[in-house]
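Take a look at the letters that make up each chain.
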Amino acid sequence: MLLYLLYCISGMNAAVRATVRVGIYTGAKVYFVHEGYQGLVDGGDNIRQATWESVSMMLQLGGTVIGSARCQDFRSKEGRAKAACNLVKLGITNLCVIGGDGSLTGANEFRNEWSELLQILLKAGKITAEEAKRSSHLNIVGMVGSIDNDFCGTDMTIGTDSALHRIMEVVDAITTTAQSHQRAFILEVMGRHCGYLALVTALACGADWVFIPEMPPDEGWEDHLCRRLTYQRSIGNRLNVIIVAEGALDRHGKPITCDIIKNKLSFDTRATILGHVQRGGTPSAFDRILGSRMGVEAVMALLEATPDTPACVVSLSGNMAVRLPLMECVQVTKEVTKAMAEGRFEEAVKLRGKSFENNWNTYKLLAHVTAPDSNINIAILNVGAPCAGMNAAVRSAVRIGILQGHNMLAVHDGFDGLAHGTIEPMAWGYVGGWTGKGGSNLGTKRSLPASMIEEISLNIAKFNIHALVIIGGFEAFVGGLELVTAREKFEELCIPLVVIPATVSNNVPGSDFSIGADTALNTITTTCDRIKQSAAGTKRRVFIIETMGGYCGYLATMAGLAAGADAAYIYEDPFGIHDLETNVEHLLEKMKTTVKRGLILRNEKCNANYTTDFLFNLYSEEGKGVFDCRKNVLGHMQQGGTPTPFDRNFGTKMGAKAVLWLTDKLKECYRHGRIFANTPDSACVLGMKKRAMIFQPLFDLKEDTDFEHRIPKTEWWLKLRPILKILAKYKISLDTSETATMEHLSLNID
């Protein structure tokens, strides 16, 4: 089978690398088309065969290594006929297109008229009948590459997360000076006619106001905005941030710009238009993994395609790769624009998809400060090791709780603080500015409650606590179970509680992701990039890197995918001396190619005997005369740092959802003038599972938990390990048991 690759937009090198290597792995010839559709029309040296080595050292590069260009020629039938001729001459019958809705629509049109183009070429004598027969049909698969995240059918387009990283770097830098000078800052972000970047940025930095095209502000927004900012200043906030999407409009369709907003404010105000800085820079770990997964899925879709298979686009739904008919997605994307033009704004938000709608609803909840009265007290504590994003979850939970009318209590130092009574109320301003702070402002400890359960029950009664939000890692899960188990003896513990997973290890049962893991993953990936650069300069060098994670191999595996590692040793995938021998021989062969470097990742508890020192000594001994070795233990740097946009946004949504669930649960459990909760479903883990955030009773998750090794018994990301090995050029079979099947796009409209 022949595979052709078109690369239309920047930030997609991970997808290019995966498509090329998996294509070669399946026995296909893979071709680069340089300069996008223009290269396809011009042919010649613009269409060149790709090799395994030609996509080496691409993962950490932004932009496009094979170029992209707008092409008027491809818009005409004559130009498309030239492109078809170039493909037929090379025997290319499969097309992988990476770009936005315009690029993908053009590819679909190209496919639809393929037979007609062949007839034109036959009549003109440009191709032979045999060539036409050999290329009788064209298969197309698309991957969406766009920082705007404006393509319906996927929760995230490749490139969006990297753009958010660039935006948040600027926002964090600006907010420090704004806070010093008590200024209001207006920031315009990209997105064309889609407000996703603006909306997520607003959530991630705790902005006071956001303007997005899908939901223009109500009439009189100017006065409302001034009142909002004045109130924020009155309660002690020194900083105001307003985020504006470049396509923002008012209810009459007139643009809302930074200058227009600035002229409405009486504060010392500065405006910044971020511009093309959002398109550049190193791709985030999320984008590299997303691109790699989508690239593999695209090749699988092409392999399985028939002449009757519609052109499809590979998308992300929650945590799952899905295939959707390309033109269904394009049609819904156009419907969004139409809905906005006709003033059907609520419908436009829904058409953007569930992820966009959830972000908008969360922002709306957090944007208001008036609250009803309530006599409910909800306590929040952090448990386990600190991680980035914990503070974002606390801030969100506190403010949503206040908006529900509850009294929110801070418990310092985990279960120790609950036992010792280090508890205090939290007002709206208490958590101001917490979203972008790493670590745990509440303080956290690993102590479990079983040994101090009596003191905890006494303080729950003393402070009249009606519900608990426990944010943390495996200790939070186990601690929650211990509290629920103790309900039989201590009636004070019969209150609803929710556990929000927050740990770099990503090892909490009941959730595919934990808050903090994305930040740690980016830290590891950035370090590996620098190490690979060092190895590339030195030549013939192999680095052994130890990552955190306890017995959970998530960080090592995903960092291996994001950084292009040659191997990643983890506890869940047992290995022995024969595997180590295979890995060493693999590196010895690799040093004979043009890629003279190696990267080995080792999870800290993958094996008690094959330690990092052992692996270093083994590779050093076996590589004598061919390569030398270095080792690096990353340690606690993986737990620190500023939270990534993903962790800020994820933490914000988790905190909000947890408190809203507790509010409903408290109503259910209110009996005879007091709260009494003793059913299994009154103590849950809030987790991201496949396509949705769901609540699962702690007791139900016990069966799926390996308590000795502190990991879930089933871990979704293990399915990705074969991809890591294939991309490193190991001869193994690809697990296709969960290969995506074609679905239809369901419209999110009532």
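In this text, all values refer to a predicted model and were calculated from it rather than measured experimentally. (Residues numbered from 1 in each chain as written. Predicted model: local features only at pLDDT ≥ 70, side-chain atom pairs only at ≥ 80, totals over all residues. Heavy atoms only, no water.)

1. Structural notes on the overall build of the protein
Of regular secondary structure, the protein possesses 24 helices and 27 strands. Taken against the 2.2 N^0.38 rule, which gives 27 Å for 750 residues, the C-alpha radius of gyration of the protein at 27 Å falls within 12% of a compact globule. Overall, the C-alpha framework of the protein stretches about 90 × 70 × 45 Å when taken along its three principal axes. For the protein, buried positions account for 61% of its 750 residues. Taking all contacts inside the protein whose residues are at least 6 apart in sequence as the whole, residues at least 24 apart take part in 79%. (Helix = DSSP H or I, 4+ residues; strand = E, 2+ residues; numbered from the N terminus. Rg over C-alpha atoms; globule rule 2.2 N^0.38 Å. Buried < 20%, exposed > 50% of the residue type's maximum accessible area, 1.4 Å probe, protein only. Contact = heavy atoms within 4.5 Å.)

2. Side note on the UniProt feature "binding site: Mg(2+)" (unreviewed entry) in the protein
Look at the UniProt record and you will see "binding site: Mg(2+)" (unreviewed entry) annotated at D101. Excluding residues that lie within four positions of it along the chain, D101 makes contacts with F151, R192 and T333. (UniProt positions renumbered as here; feature names shortened; annotations may be inferred.)

3. A word on the sheet that holds strand 19 (residues 567-569)
Within the open sheet, the four strands sit side by side as 19-20-18-21. Their pairing is parallel. Only two strands of the sheet have a single partner each, and these edge strands are strand 19 and strand 21 (628-633). Averaged over neighbouring strand pairs, the angle between their axes works out to 20° when direction is ignored. In this structure, strand 18 (residues 541-547) lies alongside strand 20 (residues 597-603), joined through seven bridges in parallel fashion. Bridged to V542 within strand 20 is G598. Contacting strand 18, strand 19 and strand 20, helix 20 (residues 554-563) runs over the sheet at an angle of about 160° to strand 20. Its contacts with the sheet place helix 21 (residues 577-590) against strand 18, strand 19 and strand 20, and it is angled at close to 155° to strand 20. (Pairing = 2+ DSSP bridges. Axes fitted to C-alpha atoms, helices over the stretch in contact; angles between N-to-C directions.)

4. So, the pattern of salt bridges
Inspection of the entire model under this criterion finds 35 salt bridges. D512 is the salt-bridge partner of K689, the closest N and O atoms lying 3.6 Å from each other. In this pair, K689 is assigned in strand 24 (residues 683-689) and D512 in the loop between strand 17 (497-501) and helix 19 (517-538), connecting sequence segments 177 residues apart. Under the relative-accessibility criterion, K689 is labelled partly exposed at 30%. Linking D628 and R630 is a salt bridge whose minimum nitrogen-to-oxygen distance equals 3.5 Å. Using a relative accessible area of 29% as the deciding quantity, one classes D628 as partly exposed. When salt bridges that share partners are traced, they join K77, R80, E109, E113 and E116 into one network. (Salt bridge = Lys/Arg side-chain N within 4 Å of Asp/Glu carboxyl O.)

5. A short note on the pairing of strand 20
Strand 20 sits mainly inside the fold: seven of its seven residues count as buried. Note that strand 19 and strand 20 share three bridges and pair parallel. In the sheet register, Y569 faces strand 20, and the bridge partner there is R602.

6. Let's talk about the domain arrangement of the protein
Assigned domains of the protein: these are domain 1 (2-157 + 284-337), domain 2 (160-278), domain 3 (370-515 + 643-710) and domain 4 (523-639). Here the C-alpha centroids of domain 3 and domain 4 sit 37 Å apart. With twelve residues of domain 3 at the contact, the number on the domain 4 side is nine residues. Between domain 3 and domain 4, a total of about 850 Å² is buried, with carbon and sulfur atoms accounting for 58% of that surface. Across the domain 3-domain 4 interface, the total number found is zero salt bridges. At the junction of domain 3 and domain 4, the tally comes to one residue pair in polar contact (both at pLDDT 80 or more). Its residues placed into classes, the side of domain 3 that touches domain 4 shows six nonpolar, four polar and two charged. (Domains from an automatic or database assignment. Buried area = accessible area lost by both parts, 1.4 Å probe. Polar contact = N/O pair within 3.5 Å; in protein donor to acceptor, adjacent residues only side chain to side chain. Nonpolar A, V, L, I, M, F, W, Y, C, P; charged D, E, K, R; others polar.)

7. Points about the state of the cysteines
Tallying each qualifying case throughout the model produces zero disulfides. Cysteine C494 shares no disulfide, and the gap to the nearest cysteine sulfur, in C669, comes to 9.7 Å. (Disulfide = S-S within 2.5 Å.)

8. Re the packing of helix 1 (residues 13-25) against helix 11 (residues 285-304)
Interaxial distance between helix 1 and helix 11 falls to 7 Å at its minimum, and their mutual angle equals 35°. Seen along the crossing, helix 1 lies across helix 11 with a hand that is right-handed. Facing A14, A15, A18, T19, V22 and G23 of helix 1, the residues of helix 11 in contact are D287, R288, G291, S292, G295, V296, V299 and M300. Split by residue class, the contact of helix 1 with helix 11 holds seven nonpolar, five polar and two charged. (Left-handed = near helix turned anticlockwise from the far one by under 90°.)

9. Section: helix 1
A turn of α-helix holds 3.6 residues, and therefore any two residues three or four places apart point the same way. Under the 1.5 Å per step criterion, the end-to-end length of helix 1 is 18 Å for 13 residues, consistent within 8% with the ideal 18 Å. When you tally the buried positions in helix 1, you get eleven out of 13 residues, the bulk of the element. Those residues of helix 1 not exposed but buried are N13, A14, A15, V16, R17, A18, T19, V20, R21, V22 and G23. Looking at the residues trailing helix 1, positive phi occurs at G27, about 95°. (Expected span 1.5 Å × (residues − 1).)

10. Focus on the packing of aromatic side chains
What the rule picks out here adds up to 20 aromatic pairs. Taken together, a centroid distance of 5.8 Å and an interplanar angle of 55° make the contact between F474 and F477 tilted. Taken together, the residues F474 and F477, both in helix 18 (residues 474-485) and three residues apart, mark about one turn of the helix. For the pair shown, F474 and F477 are each scored as buried. Each ring, one from Y554 and one from W717, has its centre 6.1 Å from the other, and the planes form 80°; the classification is edge-to-face. (Phe/Tyr/Trp six-rings, centres within 6.5 Å; stacked < 30°, edge-to-face > 60°.)

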